[in-house]
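This is what each chain is made of:
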Amino acid sequence: MNVKIEPSWQNVLKDEFEKPYFKTLVATLKHEKQLGKTIYPAGKDIFRAFDLTPYEQVKVLLLGQDPYHGAGQAHGLCFSVQEGVKPPPSLMNIYKELQQDIGKPIPLSGDLSHWARQGILMLNASLTVEAGKPMSHAHIGWEQFTDAVIRKVSNKPERIIFVLWGKFAQQKESLIDADRHIVLKASHPSPFSAFHGFFGCKHFSKMNDLLLEKIQF
């Protein structure tokens, strides 16, 4: 199957694109669009995390769960929103921890594309969602695909930092070779859980301490 994705990822994931579950996933998305359903993000942005962070450039994998389901928000990067869109509560809590941890002023923009361009693969477990219906595409095949992505990153020879915020993300730890890689875990930055271990986790300074080159968050 011809999937429009960054070439290094095309090579790494080519076997996944030929599997029956992926062909069924694509057929499901096409059918929903034929029914007139609105799907986020836009088709050109579904694989944006991969396009901005080629396989050989991945230093960090930050795992989210589901794209934002409101108009104009999702653009293919977990926790990130399009330029000009007000940062959602979870992202604001990420910014607050960033400020407390490394003194970074809270940005006005919620677009985290510059993180992705520096080697942070900003991966959601599901890459699409129906408008207004959170988790609506959680069981159409995306998790099988993104589980494969996590395994492929874990197979990289160099040490990778995996950042797992919240119980859902932490369920994916079994896909990671923790003997070779670094796994950072904390509660989710959602307002419902941020005070239970996310605030004060200092993951941003830990990432910079573990990397030879500092990320400009």
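Note: the structure precedes this text.
Now for a description of the structure that goes with this document.

Bringing the side chain of Ser-90 into the picture now. Along the chain, the position of Ser-90 falls in helix α4 (residues 89-102). For Ser-90, a relative accessible area of 15% gives the class buried. Aside from chain neighbours lying at most four places away, what touches Ser-90 is His-188, Pro-189, Ser-190 and Pro-191.

In this section: the environment of Arg-48. Considering the arrangement of structural elements, one finds Arg-48 in helix α3 (residues 48-52). Sequence separation of Arg-48 and Ala-169 is 121 residues, and the distance between their C-alpha atoms is 20 Å. Beyond its immediate stretch of four places on either side in the chain, Arg-48 contacts His-75, Gly-76, Leu-77, Ser-113 and Arg-117. In this structure the side chain of Arg-48 is engaged in a polar contact, spanning 3.1 Å, whose partner is the side chain of His-75.

A separate point is the packing of helix α1 (residues 7-17) against helix α6 (residues 142-154). Contact pair α1 / α6: the axes reach a minimum separation of 11 Å and the direction vectors enclose 135°. One element, α1, and the other, α6, form an angle in the oblique class. Between α1 and α6 lies a crossing whose hand is right-handed. Facing α1, whose interface residues are Trp-9, Val-12, Leu-13, Glu-16 and Phe-17, α6 presents Phe-145, Ala-148, Val-149, Lys-152 and Val-153. Among the residues forming the contact of α1 with α6, the class breakdown is eight nonpolar, no polar and two charged.

What follows covers the packing of α4 against helix α8 (residues 203-210). Running from N to C, α4 and α8 cross one another at 60°; their axes reach a closest spacing of 8 Å. In terms of axis orientation, α4 runs oblique to α8. Counting all contacts with α4, which are made through Ile-94, Glu-97, Leu-98, Asp-101 and Ile-102, the residues of α8 involved are His-203, Phe-204 and Ser-205. Per-class residue counts for the contact of α4 with α8 are four nonpolar, two polar and two charged.

A few words now on α1. Those residues of α1 not exposed but buried are Ser-8, Trp-9, Val-12, Leu-13, Glu-16 and Phe-17. End-on, the buried residues of α1 take up no more than an arc of 150°, which puts them together on one face. Every exposed residue of α1 that faces more than 90 degrees away from the buried side is listed here: Pro-7 and Asp-15. Among the structural elements, α2 (20-34), α3, β3 (120-124) and α6 are those in contact with the buried residues of α1.

What follows covers the nonpolar core. Among the nonpolar cores identified, the biggest contains 68 residues, and Trp-9, Phe-47, Phe-50, Leu-121, Trp-142 and Phe-145 are the most heavily contacted of them. Sequence-distant contacts of Phe-47, defined by excluding residues within four places in its chain, comprise Val-3, Lys-4, Ile-5, Phe-22, Leu-127, Trp-142 and Phe-145.

How each quantity is defined
- Residues numbered from 1 in each chain as written.
- Predicted model: local features only at pLDDT ≥ 70, side-chain atom pairs only at ≥ 80, totals over all residues.
- Heavy atoms only, no water.
- Helix = DSSP H or I, 4+ residues; strand = E, 2+ residues; numbered from the N terminus.
- Buried < 20%, exposed > 50% of the residue type's maximum accessible area, 1.4 Å probe, protein only.
- Contact = heavy atoms within 4.5 Å.
- Polar contact = N/O pair within 3.5 Å; in protein donor to acceptor, adjacent residues only side chain to side chain.
- Axes fitted to C-alpha atoms, helices over the stretch in contact; angles between N-to-C directions.
- Parallel < 35°, antiparallel > 145°, perpendicular 65-115°, else oblique.
- Left-handed = near helix turned anticlockwise from the far one by under 90°.
- Nonpolar A, V, L, I, M, F, W, Y, C, P; charged D, E, K, R; others polar.
- Arc of directions from axis to C-beta.
- Core = buried A, V, L, I, M, F, W, Y, C linked by side-chain atoms within 4.5 Å.

Bear in mind that shape data such as this cannot, by itself, settle questions of function.
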